[in-house]
Amino acid sequence: DRLELSFMANLEEWRTVHGREVFPRLSTLKIKLCPKLVELPFIPSITSLDMGGNNAMLIRSVMNLTSLSSLRFSGCQDSTVLPDNLLHNHKMLISLEINGLRNHKSLRIGLENLSALKRLNLYWYDLDTLLGVQNLRSLEYLFIQACRSLMFFPKNVLLGLSSLRTLTICNCEKFCTSL
């Protein structure tokens, strides 16, 4: 059910055998610091993915894993790591965490289509706007930390989050506290 690939500096390719799934019951996949791995095979059974310290090409392969309910990115420092509309087709995603992202100012990753998303955790150093979050009608938990450039919530964001139960904002140096 669970597979972890960590600190595999020379892993370059993950092959399937004659187009068949190698791990038909794999539900949880964790990939950390595999800098040469550029693509994940299509494994429809994966529902939870945790990626950290990987290259931009590998992260792009997330676009094809649309059965995910939980997704975590960490240690993403390349400015091209999260392409626009990365999560455009992830309608089953319930939990999303983005940790350690640098050089991105906005959430142009397809949030508006995440109709099932209940939990969003952002540890996003250069994030300066939350536009896109207002469309998350199922969002219950929003945690924002270390977003140094975030100054305020646009009013339409707060009005759109009618299902929000918990909002946590910490270590956001420029954030104005008057909501």
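In this report, we go over the structure that sits alongside the text. Predicted, not measured: the structure shown is a model, and the values here were computed from it.

So, on to the pattern of salt bridges. A full pass over the atoms with the stated rule returns five salt bridges. With its nearest N and O atoms 3.4 Å apart, the salt bridge here joins arginine 72 to aspartate 50. Here arginine 72, found in strand S4 (residues 70–74), pairs with aspartate 50, found in strand S3 (residues 48–52); they are 22 residues apart in sequence, far enough to count as distant. The exposure class assigned to arginine 72 is partly exposed, which follows from its relative accessible area of 25%. Aspartate 50 gets classed as buried once you look at its relative accessible area, which sits at 15%.

What the eight strands build is an open sheet, ordered S1-S2-S3-S4-S5-S6-S7-S8; its pairing is parallel. On the outer flanks of this sheet lie strand S1 (2–6) and strand S8 (166–170), each paired with one strand and no other. Looking at each pair of strands side by side, their axes are set apart by 5° on average, direction ignored. Pairing analysis gives five bridges linking strand S6 (residues 119–124) to strand S7 (residues 141–145), with the strands arranged parallel. The residue bridging arginine 119 from the neighbouring strand is tyrosine 141, located in S7.

Position of asparagine 64 among the secondary structure elements: in the loop between helix H1 (56–60) and S4. A residue is classified by how much of its surface remains accessible, and asparagine 64, at 46% relative accessible area, is partly exposed. For the pair formed by asparagine 64 and proline 41, sequence separation is 23 residues and the distance between their alpha carbons is 8.9 Å.

With that out of the way, let us pick up the side chain of lysine 32. On the secondary structure map, lysine 32 appears in strand S2 (residues 28–32). Apart from residues lying up to four places away in sequence, lysine 32 is in contact with Leu5, Ser6, Phe7, Asp50, Met51, Gly52, Asn54, Arg72 and Ser74.

Looking now at the environment of tyrosine 141. Structurally, tyrosine 141 can be placed in strand S7. Classification of tyrosine 141 as partly exposed rests on a relative accessible area of 24%.

In the structure shown here, the tally under the stated rule is two aromatic pairs. When the centroid spacing of 6.2 Å and the interplanar angle of 80° are considered together, the rings of tryptophan 14 and phenylalanine 23 count as edge-to-face. Its relative accessible area of 34% is what places phenylalanine 23 among the partly exposed residues. Each ring, one from tyrosine 123 and one from phenylalanine 143, has its centre 5.5 Å from the other, and the planes form 55°; the classification is tilted. Within this pair, whereas tyrosine 123 is found in strand S6, its partner phenylalanine 143 is found in strand S7, the two being separated by 20 residues in sequence. The residue whose ring lies beneath arginine 119 is tyrosine 141, and the NZ or CZ to ring-centre distance is 4.4 Å.

Right, let's get into the environment of glycine 53. Position of glycine 53 relative to the elements: it lies in the loop between S3 and H1. You can call glycine 53 partly exposed: its relative accessible area is 26%. Along the sequence, glycine 53 and phenylalanine 73 sit 20 residues apart, while their C-alpha atoms lie 8.5 Å from each other. With near-sequence residues (within four places) excluded, glycine 53 lies in contact with Leu33, Cys34, Ser74 and Gly75.

Quick notes on the rules
- Each residue is numbered by its place in its chain's sequence as written, counting from 1.
- Under the rules for a predicted model, residues below a pLDDT of 70 receive no local features and side-chain atom pairs below 80 are neither given nor counted, while totals for whole chains, interfaces and linings still include all residues.
- Note: side-chain values were computed over all heavy atoms of the structure, leaving out hydrogens and water.
- Salt bridges, as used here, are contacts in which a Lys or Arg side-chain nitrogen is within 4 Å of a carboxyl oxygen on Asp or Glu.
- Secondary structure elements follow DSSP: runs of H or I no shorter than four residues count as helices, runs of E no shorter than two count as strands, and numbering proceeds from the N terminus.
- Type-normalised accessible area, obtained with a 1.4 Å probe on protein chains alone, sets the label of each residue: buried when under 20%, exposed when over 50%, and partly exposed for intermediate values.
- In short, DSSP must find at least two bridges between two strands for them to pair.
- For helices, the axis comes from a line fit to the C-alpha atoms of the stretch in contact; other axes are also lines fit to C-alpha atoms, and the angle between any two N-to-C directions lies between 0 and 180 degrees.
- Only heavy atoms enter the contact rule, under which two residues are in contact if any of them lie within 4.5 Å.
- Two aromatic rings, drawn from Phe, Tyr or Trp (for Trp, its six-membered ring), form a pair once their centres lie within 6.5 Å of each other, and the interplanar angle then sorts them: stacked below 30 degrees, edge-to-face above 60, tilted otherwise.
- Ring-over charges, as used throughout, are those where CZ of Arg or NZ of Lys falls within 6 Å of the ring centre and within 35 degrees of the ring normal.

That is the geometry; function is a separate question.
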